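Coordinate inspection notes
For reference, the chains in residue letters:
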There are 2 protein chains.
Amino acid sequence: MTDAPMTDRAASTATAGDILSSHLTALAGAFLRALPLAVGEVGARPGAASVVPSEGTADLLRAVRRINGLLTTFSASFEPVWAQESRTELAWLLNLLALEPGYVRRSARLLGALDGLSGSEAEGPGMLAGHAGAPKARALLDRQLTLARTRAHSSVLQELRSARLHALADRMTLLVADAPLAPSADGRAGAVLVPQAAAAFGALAVSVQQLPLQRASTPYGGDGLRRLGAVPSARGALDADAALAADDAPWHRTRVLVRRARYALEVCGRPSAVLDELDRVLLRHQEASEAAVTAATAARTPRITPATAYVLGVVHADQRLEVEAARYAFGRRWPELPPGTEAWLELPPAEGWGSAAESRTA
Amino acid sequence: MTDAPMTDRAASTATAGDILSSHLTALAGAFLRALPLAVGEVGARPGAASVVPSEGTADLLRAVRRINGLLTTFSASFEPVWAQESRTELAWLLNLLALEPGYVRRSARLLGALDGLSGSEAEGPGMLAGHAGAPKARALLDRQLTLARTRAHSSVLQELRSARLHALADRMTLLVADAPLAPSADGRAGAVLVPQAAAAFGALAVSVQQLPLQRASTPYGGDGLRRLGAVPSARGALDADAALAADDAPWHRTRVLVRRARYALEVCGRPSAVLDELDRVLLRHQEASEAAVTAATAARTPRITPATAYVLGVVHADQRLEVEAARYAFGRRWPELPPGTEAWLELPPAEGWGSAAESRTA
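Residues numbered from 1 in each chain as written. Chains lettered and ligands numbered in written order. Predicted model: local features only at pLDDT ≥ 70, side-chain atom pairs only at ≥ 80, totals over all residues. Heavy atoms only, no water.

**A short note on the overall build of chain A**
For chain A, the count of helices and strands is 12 helices and zero strands. In chain A, the succession of α and β elements from N to C terminus is α-α-α-α-α-α-α-α-α-α-α-α. Burial statistics for chain A: of 362 residues in total, 54% are counted as buried. Looking at chain A alone, contacts between residues at least 24 apart form 82% of all its contacts between residues at least 6 apart. For chain A, the computed accessible surface area is about 15,200 Å², with 58% contributed by carbon and sulfur atoms. (Helix = DSSP H or I, 4+ residues; strand = E, 2+ residues; numbered from the N terminus. Buried < 20%, exposed > 50% of the residue type's maximum accessible area, 1.4 Å probe, protein only. Contact = heavy atoms within 4.5 Å. Areas by Shrake-Rupley, 256 points an atom, 1.4 Å probe, with all protein chains shown as cover.)

**Quick look at the packing of aromatic side chains**
All names here are of chain B. Counting across every chain of the model gives nine aromatic pairs over all chains. The interplanar angle of 20° and the centroid separation of 5.8 Å between the aromatic rings of Phe-330 and Trp-334 together place this pair among those described as stacked. The pair Phe-330 / Trp-334 is uniform in exposure class, with both members buried. (Phe/Tyr/Trp six-rings, centres within 6.5 Å; stacked < 30°, edge-to-face > 60°.)

**Here's the deal with the interface of chain A and chain B**
With 45 residues of chain A at the interface, the matching set in chain B holds 45 residues. Of the roughly 3,600 Å² buried between chain A and chain B, counting both surfaces, carbon and sulfur atoms make up 67%. If you look at where chain A meets chain B, you find two salt bridges. The partner of Arg-226 of chain B in a salt bridge is Asp-318 of chain A, and the shortest N-O contact between them spans 2.5 Å. The tally of links between chain A and chain B comes to 15 residue pairs in polar contact (both at pLDDT 80 or more). It is helix H11 (residues 306-333) of chain A that provides the largest number of residues to the side of chain A that touches chain B, a total of 14 residues. Among the residues forming the side of chain A that touches chain B, the class breakdown is 27 nonpolar, 11 polar and seven charged. (Buried area = accessible area lost by both parts, 1.4 Å probe. Salt bridge = Lys/Arg side-chain N within 4 Å of Asp/Glu carboxyl O. Polar contact = N/O pair within 3.5 Å; in protein donor to acceptor, adjacent residues only side chain to side chain. Nonpolar A, V, L, I, M, F, W, Y, C, P; charged D, E, K, R; others polar.)

**Observations regarding the pattern of salt bridges**
If the charged atoms of two oppositely charged side chains come close together, the side chains can form a pair. All names here are of chain A. Taken as a whole and judged by the stated rule, the model has 46 salt bridges over all chains. Arg-262 is the salt-bridge partner of Asp-276, the closest N and O atoms lying 2.8 Å from each other. Placement of the pair is Asp-276 in helix H10 (residues 273-298) and Arg-262 in helix H9 (residues 240-268), with a sequence separation of 14 residues. Classification of Asp-276 as buried rests on a relative accessible area of 15%. For Arg-262, a relative accessible area of 4% translates into the label buried. In this structure, a network of salt bridges that share partners links the residues Arg-255, Arg-259, Arg-262, Asp-276 and Asp-279.

**Observations regarding the relation of the copies chain A and chain B**
Think of it as a corkscrew move, a rotation about one axis and a shift along it, taking one chain copy to the other. Here chain A sits on chain B after a turn of 180° about the axis and a move of 0.0 Å along it, with an RMSD of 0.1 Å. Classification of the inter-copy transformation places it as that of a two-fold axis. In this assembly, 100% of the residues forming the interface of chain A have copies in chain B that are likewise at the interface, indicating an isologous arrangement. (Least-squares fit on C-alpha atoms with pLDDT ≥ 70 in both.)

**Overview of the environment of Arg-105 of chain A**
Mapped onto the elements, Arg-105 of chain A comes out in helix H4 (residues 80-118). The spatial distance from the C-alpha of Arg-105 of chain A to the C-alpha of Ala-291 of chain A is 9.5 Å, given a sequence separation of 186 residues.

**Considerations on the side chain of Arg-327 of chain A**
Residues and elements named next belong to chain A. Relative to the helices and strands, Arg-327 resides in helix H11. Since its relative accessible area comes to 4%, Arg-327 is described here as buried. Apart from the residues within four sequence positions on either side, Arg-327 is in contact with Ala-216, Asp-223, Asp-247, Asp-248, Trp-251, His-285 and Arg-320.

**Things to note about the packing of H4 of chain A against helix H6 (residues 163-177) of chain A**
For any two helices packed against each other, one specifies the crossing angle of their axes together with the interaxial distance. Residue and element names in this part refer to chain A. Interaxial distance between H4 and H6 falls to 11 Å at its minimum, and their mutual angle equals 130°. The angle between H4 and H6 falls in the class oblique. By crossing handedness, the relation of H4 to H6 is classed as left-handed. Facing H4, whose interface residues are Trp-82, Glu-85, Ser-86, Thr-88, Glu-89, Leu-90, Trp-92 and Leu-93, H6 presents Arg-164, Leu-165, Leu-168, Arg-171, Met-172 and Leu-175. (Axes fitted to C-alpha atoms, helices over the stretch in contact; angles between N-to-C directions. Parallel < 35°, antiparallel > 145°, perpendicular 65-115°, else oblique. Left-handed = near helix turned anticlockwise from the far one by under 90°.)

**A closer look at unusual backbone geometry**
All names here are of chain B. Phi is positive for Tyr-220, which is not a glycine, with a value near 65°. Tracing the backbone through its elements, the reader meets Tyr-220 in the loop between helix H8 (213-216) and helix H9 (240-268). We classify Tyr-220 as buried; its relative accessible area is 12%.

**Observations concerning the environment of Ala-307 of chain B**
Residue and element names in this part refer to chain B. As for its placement among the helices and strands, Ala-307 is situated in helix H11 (residues 306-333). For the pair formed by Ala-307 and Leu-27, sequence separation is 280 residues and the distance between their alpha carbons is 51 Å. Contacts of Ala-307, omitting those with residues within four sequence positions, involve His-131 and Gly-133.

**Some remarks on the confidence of the model for chain A**
Predicted coordinates in regions of low pLDDT should not be interpreted in detail. Of all residues in chain A, 84% attain a pLDDT of 70 or more, and the chain-wide mean is 87. Note on the complex model: pTM 0.90, ipTM 0.88. (pLDDT = per-residue confidence, 0-100.)

**Looking at the packing of H9 of chain B against H11 of chain B**
Residue and element names in this part refer to chain B. Interhelical geometry of H9 versus H11 gives an angle of 40° and a closest axis separation of 12 Å. By crossing handedness, the relation of H9 to H11 is classed as left-handed. Contacts from Leu-244, Asp-247, Asp-248, Trp-251 and Thr-254 in H9 reach His-316, Arg-320, Val-323, Arg-327 and Phe-330 in H11. Taken together, the residues that form the contact of H9 with H11 break down as four nonpolar, two polar and four charged.

In C-alpha cells, the structure reads:
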C-alpha cells in the first residue's frame, strides 16, 4: 500500500474529506492492482479451485467490501448520486466474485462434515460409519456442488469481460485521484465521521436486540432445528425451508451490520478485534445455514435411495446444529462489547485515524 | 410406610444389621404391597399405556431397585449365597418390569421429537415442517414401538404368573421378618456400613474418571455424533451401531453406579439431591441413546420411501444431539460433588441413619 498511517497531529487538523479520501485512494489503488490478477486467476482456473480464494481475488474482495462499507456508513459525506451508483456496482461485483469461492467453501464444509460423520477421518468413526448411503450421498453432494460451481465460474468469466466491469474500473480510477465529496465533508473529522460511525453501531445494536440471544446463549436448546418462527407458505401449509430462512435472516442481517461497524472502526482508527471475531462467528452461521439448505435440496433429488436420503437427513441436522452452535458462540461473545457499543467511538483514536493499509483481514 | 425414621440416639448404638434390617423390612413390605397392584395393572392394560407407569408398578420398581442396590453395596454384611441369589432374581424382575414402561417412554420421546421437528406443536415449526416424510416416519415409528411394547406386555403377563415370581415373593416375605445377615453385620453401623458405602463412591469416581468429561463440558463439540471410539465389526469394517454403543457404554455404567451411590446415601441418612439430579441426567442420556438406535433401525426397514428415511436421519441426529446435551449437563454438574465424593460420608448423618420411608423418588 502506498499511503502512510496518519499521525495524531495530522488527524487532529484533518477534515472528514481528508480522512475519507485517504482511505478511498488506498482502497481504489488496491482494487486496480488486484483486478487484473483476479481476472487472470478466474480465467486460468478451468477446474478445481481451492477453499482459499486466490490472492488477487481475495485482495479484490477485500477492497470492494471496504469501499462499499465506507460509502454506506459515511454516505452523508459523499455526493449522493455518485455514492449510490458506486454502491450498486460494487455490490454487483461483490456478489459475482463471492459466488464461486462460496461454492468451494460449501463443498468443503459439507463433504468434511460427511467425512467426519462417516468416520473416514482419523478422529474416530461417526454415527454414519460404514453406512451404505454415505458414499452415495457424498457423490451426490459433490456432483451437485461441482455443477453449481462450474455454472458460477462461467457466469463470472463472462461478466469479467463485460463493459459493466470496465465502467466500474474507470470509476475506481477516478476515485484514486478525487473522491466526489459532499460539502459537509469539509468539517473536522471527529465532528463529521464519529456520529456517522455511531449510527452504524446503533443499527447493529438494534439488530442484535431483535435476536433471541437469551435462548441462543443456553446450549443445546435445539433452536437451530425447531421452534422456528412460523411462516405459512403460499399454499397455507407450513414450509420448513421458509421457516428456516426466516429464522436465520435476522442473523444474516446482523452480520452485514457487524462488517459495516468493523470497517467504520478501521476508519476511526479503533481496534476491532472483538468485531472481527463476531464477524467470523456469523460467517460460520451463514455458511452452515446455506450448507443445510444444500443438504435438504439434495435430499429431494428424484430416485435417490432411502439410504442416501437418510444420510442427507443426518447431514442436514448436523449443519443446523452448527447454526445453533454459532448462535451460542455469538450469544456468549456479544456481551463482551462495551455497553452501548458507541462507547468504543468515544475512546480517543489509538494511533490517529486509521489507514486502509492497516486492514489486512477480509 | 410402617417404620419411623430412626433417631440420632438409636443410630449411635445401632449395629449395621439393625440398620440394614430396618431398611429391608420396609422395602420388602413395600414390595409385597405393590406386587398384587402391579400384577393387576399389567393384566388390566391390554392396549395403550401412559408414559407414567401405573402406581403399583412404579412402587414395585422403586422397592426392587433399592433392595437390589442395598444387597450389592452392603454385600459384605449379608449371607453371600442368599444375597447373590436374591440379586439375580431382583435383576430379572427389574428388567421384566422396566421393559414395557421403557417402550412407552421411548415412544413418547421419539414421537415428541418428531412432532417438535415437524412443527405440529404450538412452539413453532421445525426443520421438518410440512415434510412429506414426517407423517410416514411417525406412523412407522409408532407401529414398530407399539409392536415391541405389545410383545413386551405379553411376556411380562406370562412371567407375572410364573413360579419364579412366586418364589421371589416368598423370598421377600422372609425378608420382612428376618434378613440373612453375615456375622460382620453385628458391628457398629458407622464402622461397618460407611466403608462399604465409600467403596460404592470410589467405584463411581473411577468410572467418571474414565469419561471424556472435558470434551463433554464444552458445548457443541459434536461428540454424540462423531469422534466415537473405533470398534471394528466382525467383518473388519467400521460399524456405526457398535461404535455408538461402545461410546455410550461407559456413561450407562456410570448411571448404574450413581444409582447405587444414591441408595447408599439414603441408608446412611445423607442428602442425595445432587446424585438424584445426576441420575436424571444420565437417564436422559440412556433414553436418548436407545431412542437413537430405534430411529436408526427404523431407517433400515425395507421399502420405505426416501422421504421417510430422510426424516428418520434427522430424528436420529436429533437424539444423538440429546445424548451430547445430557453429557454436557453431566460434565457441568459433576464438579459440584464434594472432592473425592467419599467426603459426603464423613459428614455426620443429617437425621440419624436414613429410613427407606424417606425415599419417595424412583
